[in-house]
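# Residue-level structure breakdown
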Amino acid sequence: MSRRTSRPAGPGARSARASAGADPGRTGPESPCPCGLPATYADCCGRYHSGAAAAPTCEALMRSRYAAFVVRDAAYLLRTWHPDTRPPGVDFDPAMRWTGLEILGTTDGSAFHSAGTVTFRARYTDGGRPDALHEKSRFVRHEGAWVYAAAVFVD
C-alpha cells in the first residue's frame, strides 16, 4: 500500500495519504490480526512488525503492510518500502479507519522469485464515509528481503 502524504505523488498518480484503521491502541497481541487471516496479531503480522520474522512472500508483506496501516506502525512501513521509492515519512489521517482487506490476486512473489505483484482491495471509512482502495502493488527483493516498490491504482 502506498498511501502517504510526505512526498507528492508522481505524474498521473492519485494523491496519497497514509492512514490507519481501527484504534491502534485496541490491537493487542491476542487480537485478531487486521490482515484478515485466522490468527492473532502476535502470531501473524505482529511478528513481522516487531522484526522477529521477515515476510516470506509478497502476499505476506502486503498483508503485514496493511496491518501496519491499521496499527499505525510508520517505522515498519518505511522499513519495508524500497529505498528508491520510499517517502521521507508516513503521516496517518486520524479520520481514516481501515476496515478490511481482500486479496484479489498474486503473481510470483514466493521464495523462488525476485519480484511479484499483489492485487487487493482495502476497505476504509474516511470521516465515517465508506470507500475502498483498489491497487496492484509491485514487490521486489532488496538485500534479501521483500519490499514494496510501486503501485498502480486500479480504480
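Conventions and cut-offs
Residues numbered from 1 in each chain as written. Predicted model: local features only at pLDDT ≥ 70, side-chain atom pairs only at ≥ 80, totals over all residues. Heavy atoms only, no water. Helix = DSSP H or I, 4+ residues; strand = E, 2+ residues; numbered from the N terminus. Buried < 20%, exposed > 50% of the residue type's maximum accessible area, 1.4 Å probe, protein only. Contact = heavy atoms within 4.5 Å. Areas by Shrake-Rupley, 256 points an atom, 1.4 Å probe, with all protein chains shown as cover. Phe/Tyr/Trp six-rings, centres within 6.5 Å; stacked < 30°, edge-to-face > 60°. Polar contact = N/O pair within 3.5 Å; in protein donor to acceptor, adjacent residues only side chain to side chain. Pairing = 2+ DSSP bridges. pLDDT = per-residue confidence, 0-100.

Right, let's talk about the overall build of the protein chain for a bit. Counting its regular elements, the protein chain contains 3 helices and 4 strands. Ordered by position from the N terminus, the helices and strands of the protein chain form the series α-α-α-β-β-β-β. When the 155 residues of the protein chain are sorted by exposure, 45% land in the buried category. Sequence-distant contacts in the protein chain: of pairs separated by 6 or more residues, those separated by 24 or more amount to 52%. As presented, the protein chain carries roughly 7,400 Å² of accessible surface, and 53% of it is formed by carbon and sulfur atoms.

Here we come to the packing of aromatic side chains. Throughout the structure, instances matching the rule amount to 6 aromatic pairs. Between Trp81 and Tyr148, the aromatic rings sit 5.4 Å apart at their centres with planes inclined by 85°, giving edge-to-face as the arrangement. In this pair, Trp81 sits in the loop between helix H3 (74-79) and strand S1 (96-108) while Tyr148 sits in strand S4 (residues 145-153), placing the two residues 67 residues apart along the sequence. Both residues of the pair, Trp81 and Tyr148, belong to the buried class. Consider the rings of Trp98 and Tyr124, whose centres lie 5.1 Å apart with planes at 70°: the pair is edge-to-face. Residue Trp98 is found in strand S1, and its partner Tyr124 is found in strand S2 (residues 115-126); the two are separated by 26 residues along the sequence. Given the relative accessible area of 4%, Trp98 is considered buried. Given the relative accessible area of 6%, Tyr124 is considered buried.

Right, let's get into the side chain of His82. Within the secondary structure, His82 is located in the loop between H3 and S1. Within polar-contact distance, the side chain of His82 engages the backbone nitrogen of Asp84 at 3.0 Å. Dropping the residues within four chain positions of it, His82 is found in contact with Val140, His142, Val147, Tyr148 and Ala149.

This paragraph deals with the pairing of S1. Sheet analysis places S1 next to S2, joined by 11 bridges and oriented antiparallel. Residue pairing in the sheet places Arg97 in a bridge with Thr125 of S2. In sequence, S1 turns back onto S2 through a hairpin of 6 residues, with Gly109 there showing a positive phi of about 85°.

Right, let's get into the confidence of the model for the protein chain. Residues with a pLDDT of 70 or more make up 83% of the protein chain, whose mean pLDDT is 86. Ignoring residues within four places in sequence, the model shows residues 2-22, a span with pLDDT below 50, making 68 contacts including any to other chains.

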